[in-house]
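Breakdown of the fold
Given next are the chains, with one letter for each unit.
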Protein chains: 2
Amino acid sequence: LAQGTGQAFNGADMSEYRHDPLTGQWVIIATNRGQRPDEFAAPEWKRVAADCPFCTGQEHETPPEVARFQLPVQNGWQVRVIPNKFPAVLSPPPALNGAPHGLPGLGVHEVVIESPRHVTSLTHLAPPEVALVLAAYAQRLAALLARGDLAYGLVFKNVGAAAGASLEHVHSQVVGTALLPPVLDERRRNWQQSHARSGKTVAAEFLDQELAAHLRIVGQTRNFVAVAPFASRVPFELRILPLAHRAYFEELSSDEAQDLGLLLLDLLTRLESCIAQSGYNLIIHTAPFDTSRHDYYHWHIEILPRLTRTAGFEWGTGCFINPLAPEDAARRLRDA
Amino acid sequence: LAQGTGQAFNGADMSEYRHDPLTGQWVIIATNRGQRPDEFAAPEWKRVAADCPFCTGQEHETPPEVARFQLPVQNGWQVRVIPNKFPAVLSPPPALNGAPHGLPGLGVHEVVIESPRHVTSLTHLAPPEVALVLAAYAQRLAALLARGDLAYGLVFKNVGAAAGASLEHVHSQVVGTALLPPVLDERRRNWQQSHARSGKTVAAEFLDQELAAHLRIVGQTRNFVAVAPFASRVPFELRILPLAHRAYFEELSSDEAQDLGLLLLDLLTRLESCIAQSGYNLIIHTAPFDTSRHDYYHWHIEILPRLTRTAGFEWGTGCFINPLAPEDAARRLRDA
């Protein structure tokens, strides 16, 4: 039996959604041909520009691009979107090849290369370049939504090995999944119920409280506010929200992209001076790709520095132990 | 204002439960006096036995013990339980000292020192020593439950820096919290509903499926089975469950402790040969400390190797991307 099983699972690429009845969670089992156990660890860090597949001139090293973005009066690309070479989900999905199975791993997994130059942080870009990156995120989310076969789209950025990055060249990822993850489905339900009760979004109530307390605000512009949330999970956690009701990041206007870009540049510059070389994850949450009314939803950005390690308590309970009060984090970030 | 705020939050120890309305999660803000940002990173690893506060002869370096366990005909302790020197939760809890606040951080945070000798893994212990460690876990959970003021108790073990450990001397932690974390509350609801529908526990149904499929079983004894779960979140994830209905780990019998100890020794030896020096978290889930009937609950142990890094996708969605099929993981563990 073990032999037969081995043939079923060995040697073939696999992308499959599986549900766990005990935790209630879905996972994506995504294997790459020939991957060995010692390759599960973070790959070698490519520090040298000459070696980097994301630099201008190395376009042949990546799959063909699905989109490119240019600044006015520019030759060549400024932002380039390519399929991920090692995708977690695929379209069309690979056939299920084993006896026990979940659901086919239908989805889209893209990489957004955020500069033709070999730079390692958004803070190395000029404000119009950052605005163009944000516009690219919005356009890719809109493209995933328009397909009609996906339930959810997420933009995220892993910066530094501790945050799960394998290349240092400034980039993000976009993933569209055929399933709405249960954590987000539960959040949707809670937000809908709260909105139905109070007539306000959960996010607007959160904003009201943070603006009134004024203890954890780190930055504010015409359209956006950045806060170290009251219940921060990790030191220097940040949350950015539009001040007005906005459900869809994919509808970000050019003016909003400029404004958000400046805020993000300021925040990340402050953050980098507080956390030195430690990495962070940046996550953009937009409304699920369903056709219900999203009057309850408010898009937002999470920034999660990776100074601390999650340990058994966090894995077992989903509850984080944070050694830095967000009031202190906000003050340090403002003073940076 | 910033100055005033600074005085409210600076310089005082703090342990506070805080709820986040957007994620629905609770966090524990737990600060230690004088902690600086560069101390959020993993502390220096104490490799030298002479330096280790957990070794026999160094008992004066730790707070006074709350329990000790001995083997028959032994001089001195074999397992020693002490209050955590840097507790996340406290009993009685510290006063809330800032304007915005959550709930006082009432709880218990203990360390279980699992050998008087400077060894770094349960696999360095003899079977009766491992059985005694398991009996100590059960006794500590029973002691937390008996207090009557806690909602939940968790035993967990962090092995290796990647898993969040700060000392290598073999040890675990026990945390009792005044709140049941929402992730576990939601799980309780789902398990109760499923049990009411089918008359079987979710765990028993899971066991039936895994035993019938027989693709992911890694070990089995008279009382227990170890499996690489169908929807494993990380490479080489393992789950241990009692074959019969058991809600309370704290009721582990001496005979079961012997049996479980042998299984655990075998599993961890196999695991260590597959994941080399990478760390892991081990988590014991027992029924919540409420007075409802726990006919829906089945205690279980999770082992989560830390070969891979969680990145933005996992943080944003709660959904894990696992590059190793559990069928392959189980075969490698069986062959190890």
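We now turn to the structure provided with this report.

1. Digging into helix H5 (residues 254-275) of chain A
- For H5(A), built from 22 residues, the straight-helix expectation of 32 Å at 1.5 Å per residue is met to within 8% by its first-to-last C-alpha distance of 31 Å.
- Immediately downstream of H5(A), the backbone of Ala276(A) shows phi near 50°, a positive value.

2. As for the interface of chain A and chain B
- With 92 residues of chain A in contact, the opposing surface of chain B contributes 93 residues.
- Summing the contributions of chain A and of chain B, the shared interface buries around 7700 Å²; its carbon and sulfur component is 65%.
- At the boundary of chain A with chain B, the tally comes to four salt bridges.
- Among the salt bridges present, the one from Arg239(A) reaches Asp20(B), with a minimum N-O distance of 3.0 Å.
- At the junction of chain A with chain B, the criterion picks out 18 residue pairs in polar contact (both at pLDDT 80 or more).
- Taken together, the residues of the side of chain A that touches chain B break down into 51 nonpolar, 25 polar and 16 charged.
- Note that strand S2 (residues 26-31) of chain A and strand S14 (residues 320-322) of chain B share three bridges and pair parallel. Its bridge partner lying in S14(B), Ile29(A) is registered against Asn322(B).

3. Considering the pairing of strand S13 (residues 300-305) of chain A
Residue and element names in this part refer to chain A.
- The buried fraction of S13 is high, at six of six residues.
- Across the two faces of S13 the burial is the same, with His300, Glu302 and Leu304 and Ile301, Ile303 and Pro305 all buried.
- Of the strand pairs in this sheet, strand S11 (residues 238-242) and S13 are connected by three bridges, and their pairing is antiparallel. Residue pairing for S13: Leu238 is matched across the bridge by Ile303.
- As judged from the six bridges shared by strand S12 (residues 280-285) and S13, these two strands associate in the antiparallel manner.

4. Here we look at the pattern of salt bridges
- Scanning the entire structure with this criterion turns up 46 salt bridges over all chains.
- The partner of Glu129(B) in a salt bridge is Arg117(B), with the nearest N and O atoms 3.4 Å apart. Of this pair, Glu129(B) sits in helix H2 (residues 127-147) while Arg117(B) sits in the loop between strand S6 (107-113) and H2, and the two are 12 residues apart along the sequence.
- Note on Glu129(B): relative accessible area 12%, which makes it buried.
- Judged by its relative accessible area of 40%, Arg117(B) is partly exposed.
- Connected via shared salt-bridge partners are Glu16(A), Arg18(A), Glu210(B), Arg216(B) and Glu327(B).

5. What to know about the sheet that holds S2(A)
- Pairing is mixed across the open sheet formed by four strands, whose spatial order is S5(A)-S1(A)-S2(A)-S14(B). Pairing within the sheet leaves two strands with one partner each, and these edge strands are strand S5 (103-104) of chain A together with S14 of chain B.

6. Topic: the environment of Arg117(A)
- For the pair formed by Arg117(A) and Glu302(A), sequence separation is 185 residues and the distance between their alpha carbons is 26 Å.
- A distance of 3.4 Å separates the side chain of Arg117(A) from the side chain of Glu129(A), its partner in a polar contact.

7. Some points on the state of the cysteines
Residue and element names in this part refer to chain A.
- This model, assessed by the stated rule, comprises zero disulfides over all chains.
- Cysteine Cys55 shares no disulfide, and the gap to the nearest cysteine sulfur, in Cys52, comes to 3.9 Å.
- A relative accessible area of 8% places Cys55 in the buried class.

8. Digging into the relation of the copies chain A and chain B
- With an axial shift of 0.0 Å and an RMSD of 0.0 Å, the rotation relating chain A to chain B amounts to 180°. Here the copies are linked by what is in effect a two-fold axis.
- Interface residue correspondence from chain A to chain B reaches 100%, placing this contact among same-surface, isologous pairings.

9. Topic: helix H4 (residues 202-213) of chain A
All names here are of chain A.
- In this model, H4 (12 residues) spans 17 Å end to end at C-alpha, consistent with the 16 Å of a helix rising 1.5 Å per residue.
- Among the residues making up H4, those that are buried are Val202, Ala203, Ala204, Phe206, Leu207 and Glu210.
- Next to the buried residues of H4 lie helix H3 (182-198), strand S9 (217-220), strand S10 (224-227) and S11.
- Just past H4, the residue His214 takes up positive phi, approximately 55°.

10. As for the packing of H2(B) against helix H5 (residues 254-275) of chain B
Residue and element names in this part refer to chain B.
- At a closest axis distance of 8 Å, the pairing of H2 and H5 adopts a crossing angle of 115°. Classed by the angle they form, the pair H2 and H5 counts as roughly perpendicular. As for how H2 packs across H5, the hand of that crossing is right-handed. Contact residues: Pro127, Val130, Ala131 and Leu134 in H2; Ala257, Gln258, Leu260, Gly261, Leu262, Leu264 and Leu265 in H5.
- Among the residues forming the contact of H2 with H5, the class breakdown is nine nonpolar, two polar and no charged.

Rules and cut-offs
- Residues numbered from 1 in each chain as written.
- Chains lettered and ligands numbered in written order.
- Predicted model: local features only at pLDDT ≥ 70, side-chain atom pairs only at ≥ 80, totals over all residues.
- Heavy atoms only, no water.
- Helix = DSSP H or I, 4+ residues; strand = E, 2+ residues; numbered from the N terminus.
- Expected span 1.5 Å × (residues − 1).
- Contact = heavy atoms within 4.5 Å.
- Buried area = accessible area lost by both parts, 1.4 Å probe.
- Salt bridge = Lys/Arg side-chain N within 4 Å of Asp/Glu carboxyl O.
- Polar contact = N/O pair within 3.5 Å; in protein donor to acceptor, adjacent residues only side chain to side chain.
- Nonpolar A, V, L, I, M, F, W, Y, C, P; charged D, E, K, R; others polar.
- Pairing = 2+ DSSP bridges.
- Buried < 20%, exposed > 50% of the residue type's maximum accessible area, 1.4 Å probe, protein only.
- Disulfide = S-S within 2.5 Å.
- Least-squares fit on C-alpha atoms with pLDDT ≥ 70 in both.
- Axes fitted to C-alpha atoms, helices over the stretch in contact; angles between N-to-C directions.
- Parallel < 35°, antiparallel > 145°, perpendicular 65-115°, else oblique.
- Left-handed = near helix turned anticlockwise from the far one by under 90°.

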